[in-house]
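# A look at the structure
The primary structure of each chain is shown beneath.
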Amino acid sequence: MTTTEHKHVPRHIGIVMDGNGRWAKARHRPRSFGHNAGRKAVREVVEGCLRQGVESLTLFAFSSENWLRPEDEVSALMDLFVRALDKEVDELHSNGVRLRFIGELDAFEEPLQKRMLVAMKRTASNDKLHMNIAVNYGGRWDIVQAARKAAIAVARGDLPVEAIDEAAFNRWTCLSELPPLDLFIRTGGDRRVSNFLLWQLAYAELYFTDTLWPDFNQVSLQHAIDDFARRERRFGRTGDQVAQA
Ligand code: IPE
Ligand code: IPE
Ligand code: MG
């Protein structure tokens, strides 16, 4: 595997891991077979990020809207999360990965919530890679929960309304202590954000691939990183200004 020659490695990558269902369907297997196969792709991207020195990786595993799926698929996904936590955390921990779950965690069954909390506590002091898993997460929810926290602080008299600016508001959103999202990747061919990190992806580079999530691997990640490295990020300035800087 080649490594990126340039130094333009994104500090924070977010991935909408999409296409498990279609991957399974093409093999005449149930959708849950595809979700299960997606675990290997997760291992691949974690390894790729560790190798490349990516600081933060945020994976969309279950959206606020995914509760609308058939009951058996939702329960298969919940079982998969439990099994994955039981199996994968040791290795992640020994690789120095800090694991964090973002989203409305209290909607999950007690045993799953407990596993998530234990995994977060156990890996809390690791710093090789910040791995964040978005579950029962929605970008709109994230913004609303931040607004609610701001409102509480104002109502208590702890915060003047004028003190709410972008930087202050950002502190109440998920992942505020990590670098902002540099690279957004979506597998599975659809070109939409589907309520992933709405606030955080304001200036992310967007990368879409037709590869279905279970087929995504370190080479696929490398392609995305190489594509990112070729982009000119202007942040509102002109290309000439960027070239001079
Ligand atoms: C993404 O794959 C996984 C989750 C949403 C949990 P899908 O299950 O959405 O796969 P497709 O899009 O139906 O192929
Ligand atoms: C987005 O995929 C959510 C996750 C990958 C967890 P979906 O498959 O749910 O997105 P839509 O419904 O096609 O927009
Ligand atoms: Mg999908």
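Residues numbered from 1 in each chain as written. Chains lettered and ligands numbered in written order. Predicted model: local features only at pLDDT ≥ 70, side-chain atom pairs only at ≥ 80, totals over all residues. Heavy atoms only, no water.

### Here's the deal with the packing of aromatic side chains
For the coordinates displayed, the defined rule picks out 13 aromatic pairs. When the centroid spacing of 6.1 Å and the interplanar angle of 85 degrees are considered together, the rings of phenylalanine 60 and tyrosine 137 count as edge-to-face. Of the two residues, phenylalanine 60 sits in strand β2 (residues 56–63) while tyrosine 137 sits in strand β4 (residues 129–137), which places them 77 residues apart along the sequence. The exposure classification of phenylalanine 60 matches that of tyrosine 137, with both residues buried. Among the aromatic residues, ring-to-ring pairing joins Phe60, Tyr137, Trp141, Phe184, Phe196 and Phe208 into one connected group. Above the plane of the ring of tryptophan 23 lies arginine 27, whose end atom (NZ or CZ) is 3.9 Å from the centre. We note arginine 29 situated over the ring of phenylalanine 33; from NZ or CZ to the ring centre the distance is 3.9 Å. (Phe/Tyr/Trp six-rings, centres within 6.5 Å; stacked < 30°, edge-to-face > 60°. Helix = DSSP H or I, 4+ residues; strand = E, 2+ residues; numbered from the N terminus. Buried < 20%, exposed > 50% of the residue type's maximum accessible area, 1.4 Å probe, protein only. Lys NZ or Arg CZ within 6 Å of the ring centre and 35° of its normal.)

### A look at the layout of surface pockets
In this model, the largest pocket occupies a volume close to 1,100 Å³. Residue lining of the largest pocket: 46 residues in total, with Met17, Val42, Phe60, Ala61 and Phe81 positioned closest to the centre. When contributions to the lining of the largest pocket are tallied by element, the ones reaching two or more residues are α1 (20–25), α2 (31–52), β2, α3 (71–94), β3 (97–102), α4 (110–122) and β4. Of the residues belonging to the lining of the largest pocket, the class tally is 24 nonpolar, nine polar and 13 charged. Within this model, the second largest pocket holds a volume of roughly 360 Å³. What lines the second largest pocket is a set of 20 residues, among which Asn170, Pro180, Trp199, Gln200 and Ala202 lie closest to the centre. Taken together, the residues of the lining of the second largest pocket break down into twelve nonpolar, five polar and three charged. (1 Å grid on protein atoms, 1.4 Å probe; cavity = no way out; pocket = protein on both sides within 12 Å on 5 of 7 lines; lining within 4 Å. Points joined across faces, edges and corners; volume = space filled by probe spheres on them. Nonpolar A, V, L, I, M, F, W, Y, C, P; charged D, E, K, R; others polar.)

### Remarks on the nonpolar core
In this structure, Ile13 and Phe101 are the most contacted members of the largest nonpolar core, which totals 42 residues. Here this core takes eight residues from α3, the largest share from any one element. Aside from chain neighbours lying at most four places away, what touches isoleucine 13 is Cys49, Val54, Ser56, Leu57, Thr58, Leu181, Leu183, Ile185, Leu221 and Ile225. In this structure, Ile102, Tyr137, Phe184 and Ala204 belong to the second largest nonpolar core, which totals 14 residues. (Core = buried A, V, L, I, M, F, W, Y, C linked by side-chain atoms within 4.5 Å. Contact = heavy atoms within 4.5 Å.)

### Thoughts on the packing of α3 against α4
In the contact formed by α3 and α4, the axes pass within 10 Å of each other and the chain directions differ by 15 degrees. As the angle between them shows, α3 and α4 are arranged roughly parallel. As α3 runs across α4, the sense of the crossing is left-handed. Only Leu112, Arg115, Met116, Ala119 and Arg122 of α4 make contact with α3, whose side of the interface consists of Met78, Phe81, Val82, Leu85, Asp86, Val89, Asp90 and His93. (Axes fitted to C-alpha atoms, helices over the stretch in contact; angles between N-to-C directions. Parallel < 35°, antiparallel > 145°, perpendicular 65-115°, else oblique. Left-handed = near helix turned anticlockwise from the far one by under 90°.)

### With respect to the UniProt feature "active site" (unreviewed entry) in the chain
Mapped onto this structure's residue numbering, the UniProt feature "active site" (unreviewed entry) falls at Asp18 and Asn66. A stretch of 49 residues holds the annotated residues, and the largest C-alpha distance among them is 12.1 Å, short enough that they meet in one place. Put simply, the named residues that line the largest pocket are Asp18 and Asn66. Residue position: aspartate 18 is located in the loop between β1 (12–16) and α1. (UniProt positions renumbered as here; feature names shortened; annotations may be inferred.)

### Some thoughts on the UniProt feature "binding site: Mg(2+)" (unreviewed entry) in the chain
Residues annotated by UniProt as "binding site: Mg(2+)" (unreviewed entry) correspond here to Asp18 and Glu205. Residues from the named set that contribute to the lining of the largest pocket are Asp18. By relative accessible area, aspartate 18 is classed as buried at 17%. Residue contacts for aspartate 18: discarding those within four places in its chain leaves Arg186, Thr187, Gly188, Asp190, Thr211, Leu212 and Trp213. Within the local environment of aspartate 18, its side chain forms a polar contact with the side chain of arginine 22, the two groups lying 3.2 Å apart. Classification of glutamate 205 by relative accessible area gives buried; the value is 16%. Aside from chain neighbours lying at most four places away, what touches glutamate 205 is Asp182, Leu183, Phe184, Phe228, Arg231 and Arg233. (Polar contact = N/O pair within 3.5 Å; in protein donor to acceptor, adjacent residues only side chain to side chain.)

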